[in-house]
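Architecture and fold: a report
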Amino acid sequence: MRLAGAMRLVRFRGPGGAEPRLGLEEAAGGSLVDLSAAEPALPRSMRAFLESGQSGLALARRALESGQHRLPRGSAQLLAPIGDPEKVICVGLNYRDHCLEQDVKIPKEPIIFSKFPSAIIGPFDDIIHPEESSEVDWEVELAAVIGKKGRHIEELAALDHVVGFTVANDVSARDWQMKRNGRQWLLGKTFDTFCPLGPALVTKEAVADVHNLGIRCSVNGRLMQDSSTSQLIFRLPKLIAWVSRFVTLVPGDILLTGTPPGVGVFRKPPVFLKRGDEVRCEIEELGAICNKVV
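Below you will find a few notes about this structure.

Burial of helix α7 (residues 236-243) is extensive: seven of the eight residues sit out of reach of the surface. All buried positions along α7 are accounted for by Leu236, Pro237, Leu239, Ile240, Ala241, Trp242 and Val243. Next to the buried residues of α7 lie β6 (88-92), β7 (111-115), β10 (140-146), β11 (162-169) and β16 (254-256).

See the structure below:
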């Protein structure tokens with residue numbers, strides 16, 4: 001039985017590589033509903049769709065329930081659920097077990113940085129290994145997507161501003177993050193293709209408890225990260241309230257919430273991605289993304 005409001009929103013290209021369209025997954029990994037065909041008046045941009053608020057979501061629910069405009073999953077190329085956010089906001093050192101593996105103190109305030117939206121790629125697109133780095137690393141992360149504009153948001157109301165969640169890989173060039181560029185993190189975090197997202201934007205109504213989800217990453221089939229979002233130091237209400245003290249959050253903004261232990265740089269000896277590797281990031285109830293390094 002589908003919970004009221006529970007949806008898995010996607011962006012995709014149909015046969016022939018046409019313009020991106022909005023859709024829904026009938027179930028995780030299942031057939032797609034062509035939302036752009038079912039409701040032609042809706043925008044083709046997920047950000048613009050989210051800006052339409054509850055009216056747009058109601059039309060999506062109607063399309064999902066109609067039983068029409070279905071297409072096989074294999075005939076579509078899934079894209080990042082949101083390709084044009086205004087902001088990609090990231091949180092560092094936000095898992096207790098990740099702090100322990102680095103032997104660093106638990107932060108007293110959220111550590112905020114960003115990636116440029118140009119880093120975003122789809123759930124099964126290739127990660128381009130830049131010539132400029134020899135220390136490219138993986139980071140599976142829970143990403144929250146903003147659905148309602150707000151500034152100075154109270155913690156108790158914070159989740160009202162979230163439309164749903166997706167899986168992210170905060171790909172990181174550790175040499176540029178930790179040694180170069182004055183140790184400012186931005187350049188090491190925002191090479192092109194360094195933000196795979198997907199496979200779907202899962203509305204919050206479909207997730208039983210976002211703070212109790214298994215979160216895993218494997219490289220070439222070897223499990224590297226295996227934790228739970230219960231290990232988050234600053235949970236989503238705190239993060240949203242904190243970030244909105246500084247910036248206005250708008251529909252489509254993406255908030256990456258940090259990564260658990262098991263990244264390559266802190267292994268002994270360190271392990272980094274090389275061309276030909278395949279990285280799979282998975283979060284319980286949200287799905288999995290899988291990207292080859294080229």
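That covers the picture; the talk isn't over yet.
Following the criterion strictly, the structure yields 18 salt bridges and no others. Across the pair Glu139 and Lys189 runs a salt bridge, and its minimum N-O distance is 3.2 Å. On the criterion of sequence distance, the pair formed by Glu139 in the loop between β9 (136-137) and β10 and Lys189 in helix α6 (residues 186-189) is long-range, its members being 50 residues apart. When its relative accessible area of 2% is taken as the criterion, Lys189 is described as buried. Here Glu282 makes a salt bridge to Arg280, at a shortest N to O gap of 3.6 Å. A cluster of three or more residues bridged by salt bridges with shared partners is formed by Lys115, Asp137, Glu139, Asp170, Arg174 and Lys189.

Here the focus is the nonpolar core. In this structure, Phe49 and Phe165 are the most contacted members of the largest nonpolar core, which totals 85 residues. Counting residues per element, this core draws most heavily on β10, which supplies six residues. What Phe165 contacts, discounting residues up to four positions off in sequence, is Leu142, Ala143, Ala144, Ala200, Leu201, Val202, Lys204, Val207, Val210, Leu236 and Leu286.

Turning to the environment of Gly264, a few remarks are in order. Within the secondary structure, Gly264 is located in the loop between β16 and β17 (278-283). Along the backbone, Gly264 and Glu135 are 129 residues apart, and their C-alpha atoms lie at a distance of 8.9 Å. Leaving out residues up to four positions away in the same chain, Gly264 has contacts with Asp137, Trp138, Pro270 and Val271.

Another aspect to go through is helix α3 (residues 54-66). Given a rise of 1.5 Å per residue, 13 residues ought to cover 18 Å, and the 18 Å separating the end C-alpha atoms of α3 matches this to within 8%. Positive phi shows up at Gly67, right after α3, with a value of about 80°.

Take the pairing of strand β18 (residues 287-292) next. For a regular strand, the rule is simple: side chains alternate between the two faces of the sheet. Note: β17 against β18, six bridges, orientation antiparallel. Along β18, the bridge assignment pairs Glu278 with Lys292. Taking the residues that link successive antiparallel strands as the turn, the β17-β18 hairpin has three residues, and the phi of Glu285 there is positive, at about 75°.

Mapped onto the elements of the fold, Thr166 is located in strand β11. Take Thr166: its relative accessible area is 3%, and that puts it in the buried class. A distance of 3.1 Å separates a polar atom in the side chain of Thr166 from the backbone oxygen of Gly198. Setting aside its immediate chain neighbours within four residues, Thr166 contacts Pro81, Glu141, Leu142, Ala143, Leu197, Gly198, Pro199, Ala200, Ile283 and Leu286.

Bringing unusual backbone geometry into the picture now. Cis peptide bonds are those with omega within 30 degrees of zero, and the linkage from Gly198 to Pro199 qualifies with -5°. With respect to the secondary-structure elements, Pro199 resides in strand β13 (residues 195-203). Geometrically, the link from Lys268 to Pro269 is a cis peptide bond, its omega value of -5° lying close to zero. Here Pro269 lies in the loop between β16 and β17. Here the phi dihedral of Leu93 falls at roughly 50°; this positive angle occurs in a residue that is not glycine. Positionally, Leu93 belongs in the loop between β6 and α4 (96-102). Phi is positive for His152, close to 50°, though the residue is something other than glycine. Summarising the element assignment, His152 is placed in the loop between β10 and β11.

Criteria and cut-off values
- Residues numbered from 1 in each chain as written.
- Predicted model: local features only at pLDDT ≥ 70, side-chain atom pairs only at ≥ 80, totals over all residues.
- Heavy atoms only, no water.
- Buried < 20%, exposed > 50% of the residue type's maximum accessible area, 1.4 Å probe, protein only.
- Helix = DSSP H or I, 4+ residues; strand = E, 2+ residues; numbered from the N terminus.
- Contact = heavy atoms within 4.5 Å.
- Salt bridge = Lys/Arg side-chain N within 4 Å of Asp/Glu carboxyl O.
- Core = buried A, V, L, I, M, F, W, Y, C linked by side-chain atoms within 4.5 Å.
- Expected span 1.5 Å × (residues − 1).
- Pairing = 2+ DSSP bridges.
- Polar contact = N/O pair within 3.5 Å; in protein donor to acceptor, adjacent residues only side chain to side chain.

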